[in-house]
Amino acid sequence: MISLIPRKDIPLALTVMTPIIAIALTLIVGAIIFATLGYDPLQALYQFFIAPVSRPDQIGDLFVKACPLIIIASGLVFCFRANVWNIGAEGQLILGAVFSGYVALTFPGLPGWAMMPLMVIASMLGGLLWAMIPALLKTRFNTNEILVSLMLTYVAALLIDWIVRGPWRDPMSFGFPLTKMYEDAALISRIELPGIGYLGQLHWGVVGALLMAVGAWFVLSRMLVGFQVKVMGAAPRAGRFAGFSPSFVTVMVLGISGAAAGVAGMVEVSANIDQLQPDISFGYGFTAIIVTFLARLNPLAVIGAGLVVALAELGGDSAQIALGMPKVVTGVFKGILLFMLLAGETFNRFRFEIRLPRSAAVKLTGGQN
Amino acid sequence: MEQLILTVILTSVPLIFAASGELIAERSGVLNLGVEGMMLMGAVSAFAIAMGTGSPILGMFAGAFAGALTAGIFAFFTLGLATNQVATGLALTIFGTGLSGLIGAPLVGHAIDGLPQIHIPMLSDIPILGMLLFQHDIMVYLAVIMVGLCAWVLNATRVGLIIRAVGDNHDSAHALGYSVLGVRLLAVMFGGMMAGLGGAYLPLVLTPHWAEGMTAGRGWIALALVVFASWRPWRVLGGALVFGGITIMQLAGQARGWTIPSQFLSMLPYLATIIVLVLISRNREFALANSPACLGRIFHAGK
């Protein structure tokens, strides 16, 4: 009989190795699945993980792809640490894009110094408001935040669809569901590196994303609110004795993650799309969940995890072009990766012990217990 | 009007299957958020087999089998490796959506013959009622039978008692000598089989082709339905019909030229889910009294 025995302390090497082993196992399992379905596994893995970063400018694009993931995951870290399951970041992202789009489209004449901050604030507000629905329903009516936040994602997708086809459609768009193009002041510009020039599509939003991850780390590890979040997640009973309010923490973490997802929506539109359209996100809100777990709920590790997952996302594009695989195949990798990470978590928390039949076990372990 | 009611019934069938399967899994204490992924795996397998063999009945079995197999992955991780059930369920949905798309890529654009209708002799000749209730394909009857079976097993048999004991207090059930993990494994696999059947119904009856992500959130609505039904099988049937009705309302509204933008009508099932969740969860005592006490809690014998 195999039993799980809780570890008293976790070896550091195990903590560091877990994500690496998880990635390695994901590649192996992925290769097996590809081979089973009749694709050349080595060719598939090459297209997925090497081809997208084989030129310097592609490194820039990798950061661009990771940008929304890092921003969203920096917020989700708070939720998952507190054991609050916000899986509606996708919807909050859309609302952030819509709110910042309102600023950009309604006040196109604003100067740059006013436009950008206003758009960021608006996007945070949009994501925050959308996240407040599951938060308040949870604290007020004890409603399951997983289902509510997810249902709201479908609602948000339909909402933006209506907005760009109806009230905000550019009359000059020849019937396409698009708003007017944003003015230059509302766009995020590309970074011009001294001596190198532009690196792919690398834009200033990426710098913002890195700053947000560092900011999240600071709040979580150096501030009282961060401590509250960690305590309420790890030991809610102890938290209540310490006078922390579970409702406050729930509202706060959903607020933080909603605002972060909103900013991701604004950055995505202002840096890459330049106008609102029905599809502004490619499931970043869901993918960021995996990034958060790959980072093991550590905001600084979110940066590296975001880059790894972004690589798989870009790999999906290149495998689609080179091998004719459907785009959703990335989901296979993402799903397996999440499985492996969760399993790794178990190996961190428990030792596996093979127990002998009862009579023998009493003799062997009797002295230790 | 009869046509409309008929459509409501057909629309609710996938929800009935998926929700009553998930209900059994949850009564044993396991929250499997991977319903959407299991449904998609069921749908793509059912379509592939029905297309390959020409037999929609074989497709149905393939869907059930694929759903159970997908649930087996979930069971391996949550039961075998004691992983977090919420996150593992999410992983299962992401994985199932991706894998079904990969398997189904060569199938896009093909069509199959759906399940034939079975007219029950005598009964199907009753005016109106006969058409509404007794002229369906085999899976409609099966859905009702399965709900009845779930209710009977849960409430009136020893097996049901064990499932509920494991779901309400796994430590006591373990102390009594029942295999907590064994019971949960079977319950989860049953849930997967039912989700697979629910998914299979989409390409076998509702739309006779395969499309990526064709379940369109039905798996999540099924999860909400379990809460709506307060973990009682027969209430799943009623709830599924209500949701089927709401889903159909948007189509009916469009056909009648309502001036509300279609997007708002499409939001109805999702908004209704939220409202229903609020109404059910509002009364904390009621919600707690009915939900399995160990739902989502990890069991390992080596404490």
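Not measured: the values here are computed from a predicted model. (Residues numbered from 1 in each chain as written. Chains lettered and ligands numbered in written order. Predicted model: local features only at pLDDT ≥ 70, side-chain atom pairs only at ≥ 80, totals over all residues.)

1. Observations regarding the overall build of chain A
The number of helices and strands found in chain A is 14 helices and four strands. Compactness check: chain A gives a C-alpha radius of gyration of 23 Å against a globular reference of 21 Å for 369 residues, within 12% of the reference. Each principal axis of the C-alpha atoms in chain A carries an extent, and together these give about 85 × 55 × 40 Å. Counting all 369 residues of chain A, 51% fall into the buried class. (Helix = DSSP H or I, 4+ residues; strand = E, 2+ residues; numbered from the N terminus. Rg over C-alpha atoms; globule rule 2.2 N^0.38 Å. Buried ≥ 20, exposed ≤ 12 C-beta atoms within 10 Å, placed from the backbone.)

2. Notes on the interface of chain B and chain A
Listed per partner, the contact involves 43 residues of chain B and 41 residues of chain A. A per-class count over the side of chain B that touches chain A returns 27 nonpolar, 13 polar and three charged. (Contact = placed C-beta atoms within 7 Å. Nonpolar A, V, L, I, M, F, W, Y, C, P; charged D, E, K, R; others polar.)

3. Structural notes on the packing of helix α5 (residues 112-141) of chain A against helix α6 (residues 145-165) of chain A
Residue and element names in this part refer to chain A. It is the contact of α5 with α6, at a shortest axis distance of 9 Å, that shows an interaxial angle of 150°. The orientation of α5 relative to α6 falls into the category roughly antiparallel. Two packed elements cross with a definite hand, and for α5 against α6 that hand is right-handed. Contacts from Trp130, Ile133, Pro134, Leu137 and Lys138 of α5 reach α6 at Glu145, Val148, Ser149, Leu152 and Ala156. Counted by class, the contact of α5 with α6 contains seven nonpolar, one polar and two charged residues. (Axes fitted to C-alpha atoms, helices over the stretch in contact; angles between N-to-C directions. Parallel < 35°, antiparallel > 145°, perpendicular 65-115°, else oblique. Left-handed = near helix turned anticlockwise from the far one by under 90°.)

4. Notes on the environment of alanine 242 of chain A
Here alanine 242 of chain A shows up in the loop between α9 (236-241) and α10 (246-273). Counting along the chain gives 62 residues from alanine 242 of chain A to glycine 304 of chain A, while the straight-line C-alpha distance between them is 34 Å.

5. Things to note about the nonpolar core
With 229 residues, the main nonpolar core has Ile72 and Leu338 of chain A together with Ala19 and Leu225 of chain B as its most contacted residues. Top contributing element to this core by residue count: helix α9 (residues 180-206) of chain B, with 16 residues. Each of domain 1 (1-39 + 325-369) and domain 2 (61-309) of chain A contributes no fewer than three residues to this core. Contact partners of isoleucine 72 of chain A, with chain neighbours within four places excluded, come to Ala89, Leu93, Ala260, Ala261, Ala264, Tyr284, Gly285 and Ala288 of chain A. (Core = buried A, V, L, I, M, F, W, Y, C linked by C-beta atoms within 7 Å. Domains from an automatic or database assignment.)

6. A look at the domain arrangement of chain A
Residues and elements named next belong to chain A. Domain boundaries in chain A define domain 1 (1-39 + 325-369) and domain 2 (61-309). Look at where the C-alpha atoms of domain 1 and domain 2 centre, and you get two points 31 Å apart. Opposite the six residues of domain 1 that make contact, domain 2 presents six residues. Those elements that place two or more of their residues in the side of domain 1 that touches domain 2 are α1 (12-36) and α13 (329-349). With four residues, α13 is the single largest residue contributor to the side of domain 1 that touches domain 2. Here the residues of the side of domain 1 that touches domain 2 are counted per class, giving five nonpolar, no polar and one charged.

7. Describing the pairing of strand β2 (residues 190-193) of chain A
Residues and elements named next belong to chain A. For β2 and strand β3 (residues 197-203), the ladder comprises three bridges, and the chain directions are antiparallel. Among the inter-strand pairings, glutamate 192 is bridged to a residue of β3, identified as tyrosine 198. Here β2 folds back onto β3 in antiparallel fashion, the turn holding three residues, of which glycine 195 has a positive phi close to 85°. (Pairing = 2+ DSSP bridges.)

8. Some details on the packing of helix α1 (residues 2-27) of chain B against helix α10 (residues 218-228) of chain B
All names here are of chain B. Two elements in contact, α1 and α10, have axes separated by 8 Å at closest approach and are oriented at 55°. In terms of their interaxial angle, α1 and α10 are classed as oblique. For the pair α1 and α10, the sense of crossing is right-handed. Facing Pro14, Leu15, Ala18, Ala19, Glu22, Leu23 and Glu26 of α1, the residues of α10 in contact are Arg218, Gly219, Ile221, Ala222, Leu223, Leu225 and Val226.

9. With respect to unusual backbone geometry
As a rule of thumb, non-glycine residues mostly have phi less than zero, and peptide bonds are mostly trans rather than cis. Backbone geometry places asparagine 142 of chain A, a non-glycine residue, at a positive phi of 65°. By the secondary structure assignment, asparagine 142 of chain A is in the loop between α5 and α6.

10. Focus on helix α2 (residues 35-53) of chain B
Residues separated by three or four positions in an α-helix point in the same direction, a consequence of the helix having 3.6 residues per turn. All names here are of chain B. Taking 1.5 Å per residue, 19 residues should reach 27 Å; α2 reaches 27 Å between its end C-alpha atoms and fits that length. Across the 19 residues of α2, 17 count as buried, placing the element largely inside the fold. At the exit of α2 stands glycine 54, carrying a positive phi of roughly 80°. (Expected span 1.5 Å × (residues − 1).)

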